[in-house]
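# Commentary on secondary and tertiary structure
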Amino acid sequence: MSDSTLSSRTVLVTGATSGIGLETARQLAERGATVLLHGRTAEEARAAADALIATAGIEADQLCTYAADFTHLDEVETLAHKVVAEHPHLDVLVNNAGMAAPERHTVTADGNEIAFQVNFLAHYLLTCLLEPALTSDPGGRVVNVSSSLHRTASISWADPNRARRYSRLAAYAQSQLALTVFAADPRVTAVSVHPGVCDTALLSLYAHEGVTPAEGAGHVVRLCDPTVEIVNGAYYDCAERVEPAPAAREDRTVKRLNRLADLLVSRTA
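Presented here is an overview of the structure given in this document. (Residues numbered from 1 in each chain as written. Predicted model: local features only at pLDDT ≥ 70, side-chain atom pairs only at ≥ 80, totals over all residues. Heavy atoms only, no water.)

Once that is clear, we can look at the environment of Asp 110. Topologically, Asp 110 is positioned in the loop between strand E4 (92–95) and helix H5 (114–134). Accessibility expressed as a relative area gives 36% for Asp 110, which makes it partly exposed. Among all residues touching Asp 110, those that are not within four sequence positions of it are Thr 71, His 72, Leu 73 and Gln 117. Within polar-contact distance, the side chain of Asp 110 engages the side chain of Gln 117 at 2.9 Å. (Helix = DSSP H or I, 4+ residues; strand = E, 2+ residues; numbered from the N terminus. Buried < 20%, exposed > 50% of the residue type's maximum accessible area, 1.4 Å probe, protein only. Contact = heavy atoms within 4.5 Å. Polar contact = N/O pair within 3.5 Å; in protein donor to acceptor, adjacent residues only side chain to side chain.)

A sheet is described by the order of its strands in space; here eight strands give the open sequence E3-E2-E1-E4-E5-E6-E7-E8, paired in mixed fashion. The open sheet terminates on both sides in strands that have one partner only, identified here as strand E3 (63–67) and strand E8 (240–242). For this sheet the average axis-to-axis angle between neighbouring strands, irrespective of direction, equals 25°. Across five bridges, strand E2 (residues 34–39) lies against E3 in parallel orientation. The residue bridging Leu 37 from the neighbouring strand is Thr 65, located in E3. (Pairing = 2+ DSSP bridges. Axes fitted to C-alpha atoms, helices over the stretch in contact; angles between N-to-C directions.)

Let's shift gears to the packing of aromatic side chains. Enumeration over the complete set of coordinates arrives at four aromatic pairs. Between Phe 116 and Phe 120, the aromatic rings sit 5.4 Å apart at their centres with planes inclined by 50°, giving tilted as the arrangement. Of this pair, Phe 116 and Phe 120 both sit in helix H5, four residues apart, which is roughly one turn of the helix. Take Phe 116 and Phe 120: they sit in the same class, and that class is buried. Between Phe 120 and Tyr 124, the aromatic rings sit 5.9 Å apart at their centres with planes inclined by 50°, giving tilted as the arrangement. (Phe/Tyr/Trp six-rings, centres within 6.5 Å; stacked < 30°, edge-to-face > 60°.)

What follows concerns the pattern of salt bridges. Side chains that differ in charge, positive against negative, can pair when their charged atoms come close. Across all of its chains, the model carries 10 salt bridges by this definition. Among the ionic pairs, Glu 103 bridges to Arg 168, the shortest N-O distance being 3.5 Å. With Glu 103 in the loop between E4 and H5 and Arg 168 in helix H6 (residues 168–182), the pair connects residues that are 65 residues apart, well separated along the chain. Judged by relative accessible area, Glu 103 falls into the exposed class, the value being 61%. Put simply, Arg 249 and Glu 243 hold a salt bridge, and the shortest N to O gap is 3.1 Å. Exposure remark for Glu 243: the relative accessible area of 49% places this residue in the partly exposed category. Residues joined by salt bridges that share partners form a network here, namely Glu 23, Arg 26 and Glu 30. (Salt bridge = Lys/Arg side-chain N within 4 Å of Asp/Glu carboxyl O.)

Quick look at the structure:
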C-alpha cells in the first residue's frame, strides 16, 4: 500500500484518536508516512495506535504517540518541545483537533473561551513552536481542518471570549474563521480544508447525516501529499479550491489575529 510520495514523510496529526483525525492517521500510515498521533491523554493516543496496528496492518514503528490536553496551553508547549526534540524535521502538521462549543460559556484555566482555545489558540501556539521543524527543509506545510461554518463567523475583537454575548454556534464559527485566517500567515506554508459534513462528534452542528470520516479524511490526506501543489492561505471545500471568507484574504486581519493570539497564549511577538 506504500505510496512513494508519502513514504519518507513525517506528519503530526492533532486529535488523531477518533473521527477524521484517526482516519487521516490511518490513510497516511497506509501510504507509508511516519505518523505522530496526538491524543488528549497518553492512554487515548496509545489505544488509537494499537487499533491502527491491529486493524489496518500498520507497522508499529510508523506510529509515535503524543499527549496534550488543548484546554491547557502549557501541555501544548510541552508537546511542541517534545516533537521538535524527537523529530527536528517535520513535513506536515495537520491541525485537526476540535470540539463543539459547549451550551454554556466556558473558560479554560488559561482564561480563554474553550472552543476558541482548543480549536484555534492551541493550534496557533503549536504551529508557531513547530515552525523550526516545519521549515528545516523546504516543502513543510500545515493543513488546518476548518469548516464551511467559518463563512458565518466574525471575530469578536473586543471580546474574543464572547463573555458578553455567547452563542455556541457563533463561538464555534469564530474558532473556525480564526483557523482559516491563520492559514494565510506567511511564516509557514498552510492551507485550510473543509472536509465535508462528516459523521463525527461535530455532526450535530451541521446536519443529521454526513459522509464517512474516511471520505472526509481523504481530502485532508490529499493536501498532505507533496506532489499536490498548494498556495499559502488557500482554502479547499473537499477537493475543490474555493475562495474563503473575505477576512481570510486580508493581510490586516491576519496581522491583527496574530497579535490577539500572541496576547492570549501569552507569547511576546
